[in-house]
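Notes for the structure review
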Amino acid sequence: MPHHFDLEPLPDATFGAVATNLKLASLDEAAFRELYGAWLEYALLIFPGQFLTRQEQIAFARRFGNLEFEIIAISNVKSDGTLRRDQDNDDVVKILKGNMGWHADSTYMPIQAKGAVFSAEVVPSARGETGWADMRAAYDALDEATRARVEQLSAHHSLQYSQAKAGFQHKKEKSEYSGYGLHDGPVPLRPLVKIHPETGRKSLLIGRHAHNIPGMDPAESEQLLDGLAEFACQPPRVYHHKWKPGDVVIWDNRCLLHRAMPWDMNEPRVMWHSRIAGDPVSEAALN
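Notes on the structure in this doc start here. Computed from a predicted model, the values in this text were never measured in an experiment.

1. Observations regarding the packing of aromatic side chains
Inspection of the entire model under this criterion finds eleven aromatic pairs. Just above the ring of Trp 272 sits the side chain of Arg 54; from NZ or CZ to the centre is 3.9 Å. Against the face of Tyr 139 rests Arg 147, its NZ or CZ located 5.3 Å from the ring centre.

2. Description of the sheet that holds strand β12 (residues 238-241)
Sheet architecture is open: three strands sit in the order β12-β6-β14, paired in antiparallel fashion. Strands at the two margins of the open sheet, each flanked by one partner only, are β12 and β14 (256-260). Adjacent strand axes in the sheet meet at a mean angle of 20°, parallel and antiparallel pairs treated alike. Here strand β6 (residues 130-134) runs beside β12; their pairing, made up of four bridges, is antiparallel. When the sheet's bridge partners are listed, Ala 133 is paired in β12 with Val 238.

3. Some thoughts on the sheet that holds strand β11 (residues 210-211)
Strand pairing in a sheet relies on backbone hydrogen bonds. The paired strands run either parallel or antiparallel. Across the sheet, three strands lie side by side as β8-β7-β11; this open sheet has antiparallel pairing. Here the strands that pair on one side only, and so sit at the sheet edges, are β8 (189-191) and β11.

4. Brief notes about the pattern of salt bridges
Under the defined criterion, the tally for this structure stands at 16 salt bridges. The partner of Lys 165 in a salt bridge is Asp 226, with the nearest N and O atoms 3.3 Å apart. Of the two residues, Lys 165 is situated in helix α6 (residues 159-165) and Asp 226 in helix α7 (residues 218-232); the sequence distance between them amounts to 61 residues. Accessibility expressed as a relative area gives 39% for Asp 226, which makes it partly exposed. Two residues, Arg 254 and Glu 198, come together in a salt bridge whose shortest N-O distance is 2.9 Å. Here Arg 254, found in the loop between β13 (248-252) and β14, pairs with Glu 198, found in the loop between β9 (193-195) and β10 (202-204); they are 56 residues apart in sequence, far enough to count as distant. Classification of Glu 198 by relative accessible area gives partly exposed; the value is 38%. Salt bridges sharing common partners tie together Glu 68, Asp 105 and Arg 275.

Thresholds applied
- Residues numbered from 1 in each chain as written.
- Predicted model: local features only at pLDDT ≥ 70, side-chain atom pairs only at ≥ 80, totals over all residues.
- Heavy atoms only, no water.
- Phe/Tyr/Trp six-rings, centres within 6.5 Å; stacked < 30°, edge-to-face > 60°.
- Lys NZ or Arg CZ within 6 Å of the ring centre and 35° of its normal.
- Pairing = 2+ DSSP bridges.
- Helix = DSSP H or I, 4+ residues; strand = E, 2+ residues; numbered from the N terminus.
- Axes fitted to C-alpha atoms, helices over the stretch in contact; angles between N-to-C directions.
- Salt bridge = Lys/Arg side-chain N within 4 Å of Asp/Glu carboxyl O.
- Buried < 20%, exposed > 50% of the residue type's maximum accessible area, 1.4 Å probe, protein only.

Pasting the structure below:
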């Protein structure tokens, strides 16, 4: 079978690959099918130097499924061009900082996201990487007793919880943050071990939004979840990408956690995020 692009697995990680010699904006169906298969295998694909327009990014993301939302800026640049500096009372900065903890997207919504396309427009001179962690390899690396234990457990997922735990409580009135995920509905309950709907592989579903395991007291629940996250998010199960403008990535939110890394907020950082909606059958909360 002819290959439509070059794929180089990340050298020191259990997941991830860099794809080159392709144009995402004009992939034919055969090339896309090959790309989709590679995405299921590697969970994270990195495409250097694509420089997609916003419409091209939306169109590419849509090939993976319906979108939870088309595109938003993840940025410390306000609409008037001034910078959001590191301020305690800015709700957007609170979300940017909260995102620096390991998490999966939309686990706090009734339907967890399938994945995301993310691109870099403006990057700071240092730091500001994005990290990913392979929860398939983390599950595989658990000892048998822990694996048997977590197979039986579920946890609640809440953005309000994770933001409050990190010290980033939101203003109720006149917040600049749209409030996505900060809703008053029921708190989703999700199993700690997720079975991937397309590959059948098991992975840990943990991260900063997970809390309050039914049947455990809160301190014991927190201790277990923190311990799992610390164990899971270690080399060789992690990769941090140093962005260059024009880079595009797509990751599988059903088996990876991710996080943003800090940077000097006196410098602009402008990223574009398109979120792929989860299958209402396989990604629905238990409750």
